Amino acid sequence: MEPELPKYNRATLVDLLDRVLDKGVFLRADVVISVAGIPLIGLTLSVVLAGMETMLEYSLLSDWDQAIRASPPGQRHATPTGGRPTEPRPGKRVASAVPA
Amino acid sequence: MTADVAVKQDGLYVYCVARGKDHYPLGPIGLDGQRVYTVASGDICAVVHDRQAEAYQSEDPETVEGWVLTHQKVVAAATEAFGTVLPLAFNMIVLGDENGGGAENLMAWLEEKRDRFTRLLEKLAGKAEYGVQVFWDPEVITTALIQNDPELRRLRDEARTKPKGLAYMLQQKLAKAARAALETRANRCVENFYTRIRACVEDIRVDRLKKTDNGTQMLLNLSCLMDRSSGALGRVLDEIHKTEGVSVRFTGPWPPYNFVSPG
């Protein structure tokens, strides 16, 4: 599988926002206006960033999600998946994250 | 900001840190068309444009999106010019103060961090960040789980033959059991996929899950650090993508936003 290049459009906007809003090198607060954060961004983007909370409302998988955030999966006892992979069904849905 | 207070003009908006020399021009590619150039201390430079002491703020989401996209384009241009860079978050502006102008403060910061930045740049040379998201289709998986489990299959088949009231109760029982089976399967899949991905990258960060727009569920949202030339991750992702009901989204190369903070 080849990686999809980050294009500068809305398809990869959520991927970009996840990185550019609160990751990166930390600049010392006393020389900086540090303004990365939701209050300065338009409401629409705040809704995009709140996707996690919304997902937990609808998800069957809230327990393992909490567990993952508590410790990386590799550190817990690993068990192999049950069942063997089969041929992909035609028309497999490939998701994209909800854009703004 | 009141009109009679002069806005200081000697701040610098900082995009990233790189190995490079002073006053290298990257062109008018910055936010709002600002000229982007470098400020260096020795061989470590920051990629900047001139900015007054004011954050970029707007109520208009499209404007903010445009700024964020431009920020990333500048970081990409800097990567072209200097190799792997240490990206900063959006809207980091270094101010002037009683000690000096923005440039002086920035150079002092670069000097203070020189050893750390030099080590990081060496560690990240030739590498990039890649995003990996694994999804599954819960309907497909649930159908297969029911089909492959004798007890669940029995419940399903019985519910079809029974009269309405009893059938409803059986379906409720089936749904509850299926949800539990799905959750168990999710745990196993996540462990399995994570372990296989982790084995072929240098470093990894686990990120928050996102809601999707097509009924699938995100199982894993990862940022991976690896050599740009490595094909190992792509091969593992091909295998994972072949798993029934599972799909993979693979993006990159990104500047290493997730691999430049301490700790």
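It should be emphasised that the depicted structure is a prediction, and the values quoted were computed from it without experimental measurement.

### Describing the overall build of chain B
Move 1: Of regular secondary structure, chain B possesses seven helices and nine strands.
Move 2: The C-alpha radius of gyration computed for chain B amounts to 26 Å, which surpasses the reference 18 Å derived for 263 residues by more than 25%, pointing to a less compact arrangement than a globule.
Move 3: Overall size of chain B, expressed as C-alpha extent along the three principal axes, is 80 × 45 × 30 Å.
Move 4: Within the span of chain B, comprising 263 residues, buried residues form 43% of the whole.
Move 5: When contacts within chain B are restricted to residue pairs at least 6 apart in sequence, those whose partners lie at least 24 apart make up 71%.

### A closer look at the overall build of chain A
Move 1: For chain A, the helix and strand inventory stands at four helices and one strand.
Move 2: Ordered by position from the N terminus, the helices and strands of chain A form the series α-β-α-α-α.
Move 3: For chain A, with 100 residues in total, the buried portion stands at 26%.

### A short note on the pairing of strand S9 (residues 246-254) of chain B
Residue and element names in this part refer to chain B.
Move 1: Burial runs high along S9: seven of the nine residues are buried.
Move 2: Here strand S6 (residues 127-136) runs beside S9; their pairing, made up of seven bridges, is antiparallel. The residue bridging Trp136 from the neighbouring strand is Val246, located in S9.

### Points about the environment of Thr63 of chain B
Residue and element names in this part refer to chain B.
Move 1: Position of Thr63 among the secondary structure elements: in helix H1 (residues 61-82).
Move 2: Among the residues examined, Thr63 registers 14 C-beta atoms within 10 Å and is labelled partly exposed.
Move 3: Expressed as a C-alpha distance, the spacing of Thr63 and Arg119, which sit 56 residues apart in the sequence, is 36 Å.

### Describing the sheet that holds S9 of chain B
Residue and element names in this part refer to chain B.
Move 1: A sheet is described by the order of its strands in space; here four strands give the open sequence S7-S8-S6-S9, paired in antiparallel fashion. Lying at the two open borders of the sheet, with one neighbouring strand each, are strand S7 (203-206) and S9. Each adjacent strand pair in this sheet contributes to an overall mean axis angle of 20°, direction not counted.
Move 2: Helix H7 (residues 232-242) rests against S6, strand S8 (217-227) and S9 of the sheet, and its axis sits at about 160° to S9.

### Focus on the domain arrangement of chain B
Residue and element names in this part refer to chain B.
Move 1: Parsing chain B into structural domains produces domain 1 (11-124) and domain 2 (127-259).
Move 2: Its C-alpha centre places domain 1 at a distance of 39 Å from the equivalent point of domain 2.
Move 3: Contact with domain 1, which involves seven residues of that partner, is made by five residues of domain 2.
Move 4: Looking at the side of domain 1 that touches domain 2, its residues break down into five nonpolar, two polar and no charged.

### Some words on unusual backbone geometry
Residues and elements named next belong to chain B.
Move 1: The omega torsion of the bond from Gly252 to Pro253 falls at 0°, within 30 degrees of zero and hence cis.
Move 2: Tracing the chain through its elements places Pro253 in strand S9.
Move 3: In the Ramachandran plot, Asp32 falls in the positive-phi region, its phi being about 55° despite a non-glycine side chain.
Move 4: Backbone geometry at Asn91 places phi at a positive 75°, although glycine is not the residue there.

### Section: helix H1 (residues 13-20) of chain A
Move 1: In terms of residue burial, H1 of chain A counts as a mostly covered element, since seven of its eight residues are buried.
Move 2: Among the residues of H1 of chain A, those classed as buried are Leu13, Asp15, Leu16, Leu17, Asp18, Arg19 and Val20 of chain A.

### A few points about H1 of chain B
Residues and elements named next belong to chain B.
Move 1: For H1, which comprises 22 residues, the first-to-last C-alpha distance of 31 Å matches the rise-based estimate of 32 Å (1.5 Å per residue) to within 8%.
Move 2: Along H1, the positions that sit buried rather than exposed are Val64, Glu65, Val68, Leu69, Thr70, His71, Gln72, Val74, Val75, Ala78 and Phe82.
Move 3: Positive phi shows up at Gly83, right after H1, with a value of about 85°.

### Quick look at the nonpolar core
All names here are of chain B.
Move 1: Counting residues in hydrophobic clusters, the biggest one holds 78 residues, and the most contacted among them are Val14, Cys16, Val47 and Ala78.
Move 2: The element that contributes the greatest number of residues to this core is helix H6 (residues 164-198), accounting for eight residues.
Move 3: Viewed by domain, this core spans two of them, domain 1 (11-124) and domain 2 (127-259), each represented by three or more residues.
Move 4: When residues no more than four places from it in sequence are discounted, the contact partners of Val47 are Tyr15, Cys16, Ala18, Leu26, Val36, Thr38, Val74 and Ala78.

### Points about the packing of H1 of chain A against H1 of chain B
Move 1: Close contact between H1 of chain A and H1 of chain B brings their axes to 11 Å; oriented N to C, the two are set at 75°. With respect to their mutual orientation, H1 of chain A and H1 of chain B come out roughly perpendicular. Within the contact between the two elements, H1 of chain A uses Leu13, Leu16, Leu17 and Val20 of chain A and H1 of chain B uses Glu65, Val68, His71 and Gln72 of chain B.
Move 2: Along the lines of polarity and charge, the residues of the contact of H1 of chain A with H1 of chain B split into five nonpolar, two polar and one charged.

Conventions we followed
The residue numbers shown here count from 1 along each chain, following its written sequence. To read the labels, note that chains go from A and ligands from 1, taken in the order they are written. The predicted origin of the model limits local features to residues at a pLDDT of at least 70 and limits the giving and counting of side-chain atom pairs to 80 or more, whereas totals for whole chains, interfaces and linings rest on all residues. A run of DSSP states H or I qualifies as a helix once it reaches four residues; a run of E qualifies as a strand once it reaches two. Both are numbered from the N-terminal end. The atom set for the radius of gyration is the C-alpha atoms, and the globule formula is 2.2 Å times the number of residues raised to the power 0.38. Counting other C-beta atoms within 10 Å of a residue's C-beta gives its exposure: the residue is buried at 20 or more, exposed at 12 or fewer, and partly exposed in between, where C-beta atoms are placed from the backbone. This entry defines residue contacts through backbone-placed C-beta atoms, with two residues in contact when those atoms are within 7 Å. A pair of strands is considered paired only if DSSP assigns at least 2 bridges between the two. Between N-to-C directions, angles cover 0 to 180 degrees, with each direction set by a line fitted to C-alpha atoms, over the stretch in contact for helices. For each domain, the first and last residues come from an automatic or database assignment. Each residue is assigned to one of three groups, with Ala, Val, Leu, Ile, Met, Phe, Trp, Tyr, Cys and Pro labelled nonpolar, Asp, Glu, Lys and Arg labelled charged, and all others, Gly among them, labelled polar. For a helix, the expected span equals 1.5 Å multiplied by the number of residues minus one. Nonpolar cores are built from buried Ala, Val, Leu, Ile, Met, Phe, Trp, Tyr and Cys residues. These are joined into a set through C-beta atoms within 7 Å. Between 65 and 115 degrees an angle is taken as roughly perpendicular, under 35 as roughly parallel, over 145 as roughly antiparallel, and anywhere else as oblique.

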